[in-house]
Amino acid sequence: MTQQTVVVPDGYNGHTALMHADPIEEWPDGTVKLRGAVPGKEYLIRWIGKDQLVALIEAQRRENHR
């Protein structure tokens, strides 16, 4: 079974990072913690708003269905 991934801005210099879409931590304010999906870079984390994550997943889904 393959875990869903999403491409998110890395938060630093305009690059993107492939992250697992299933959060490993969630805060009450709606912030979620994602972990890296690239082999060898699983140590990477990215905090993002849950609403932003949902929007990125939907945009990626629409892009894949073109």
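The structure presented is a predicted model; accordingly, all values stated were derived computationally and were not measured. (Residues numbered from 1 in each chain as written. Predicted model: local features only at pLDDT ≥ 70, side-chain atom pairs only at ≥ 80, totals over all residues. Heavy atoms only, no water.)

1. Here we look at the overall build of the protein
Working step 1: Assigned secondary structure in the protein consists of 1 helix and 5 strands.
Working step 2: The order of helices and strands in the protein, counted from the N terminus, is β-β-β-β-β-α.
Working step 3: The globule rule puts the C-alpha radius of gyration for 66 residues at 11 Å, and the 12 Å found for the protein is close to it.
Working step 4: Its C-alpha atoms put the protein at 35 × 30 × 30 Å along the principal axes.
Working step 5: For the protein, the proportion of its 66 residues judged to be buried stands at 24%.
Working step 6: Put simply, of all contacts in the protein between residues at least 6 apart along the chain, 27% involve residues at least 24 apart.
Working step 7: For the protein, the centre of its 8 positive side-chain charges and the centre of its 9 negative side-chain charges are spaced 4 Å apart. (Helix = DSSP H or I, 4+ residues; strand = E, 2+ residues; numbered from the N terminus. Rg over C-alpha atoms; globule rule 2.2 N^0.38 Å. Buried < 20%, exposed > 50% of the residue type's maximum accessible area, 1.4 Å probe, protein only. Contact = heavy atoms within 4.5 Å. Lys, Arg positive; Asp, Glu negative; His and termini not counted. Charge placed at Lys NZ, Arg CZ, Asp CG, Glu CD.)

2. Let's talk about the nonpolar core
Working step 1: Core analysis: the largest hydrophobic core is formed by 10 residues, namely Val6, Val8, Ala17, Met19, Ala21, Val32, Leu34, Ile48, Leu53 and Ile57.
Working step 2: Listed by contribution, the elements that provide at least two residues to this core are strand E1 (5-9), strand E2 (16-20), strand E4 (31-35) and helix H1 (50-64).
Working step 3: Among residues more than four places away in sequence, those in contact with Ile57 are Gln4, Val6 and Ala21. (Core = buried A, V, L, I, M, F, W, Y, C linked by side-chain atoms within 4.5 Å.)

3. Quick look at the side chain of His20
Working step 1: Summarising the element assignment, His20 is placed in strand E2.
Working step 2: Residue His20 is classed as buried on the basis of its relative accessible area, which comes to 12%.
Working step 3: In contact with His20, other than residues within four places in its own chain, are Gln3, Gln4, Thr5, Leu34, Arg35, Gly36 and Ala37.

4. Digging into the pattern of salt bridges
Working step 1: In the structure shown here, the tally under the stated rule is 3 salt bridges.
Working step 2: In this structure, Glu26 and Lys50 form a salt bridge, with 3.2 Å as the shortest nitrogen-oxygen distance. Highlighted residues: Glu26 in strand E3 (residues 25-26) and Lys50 in helix H1, separated in sequence by 24 residues.
Working step 3: Under the relative-accessibility criterion, Glu26 is labelled partly exposed at 44%.
Working step 4: For Lys50, a relative accessible area of 39% gives the class partly exposed. (Salt bridge = Lys/Arg side-chain N within 4 Å of Asp/Glu carboxyl O.)

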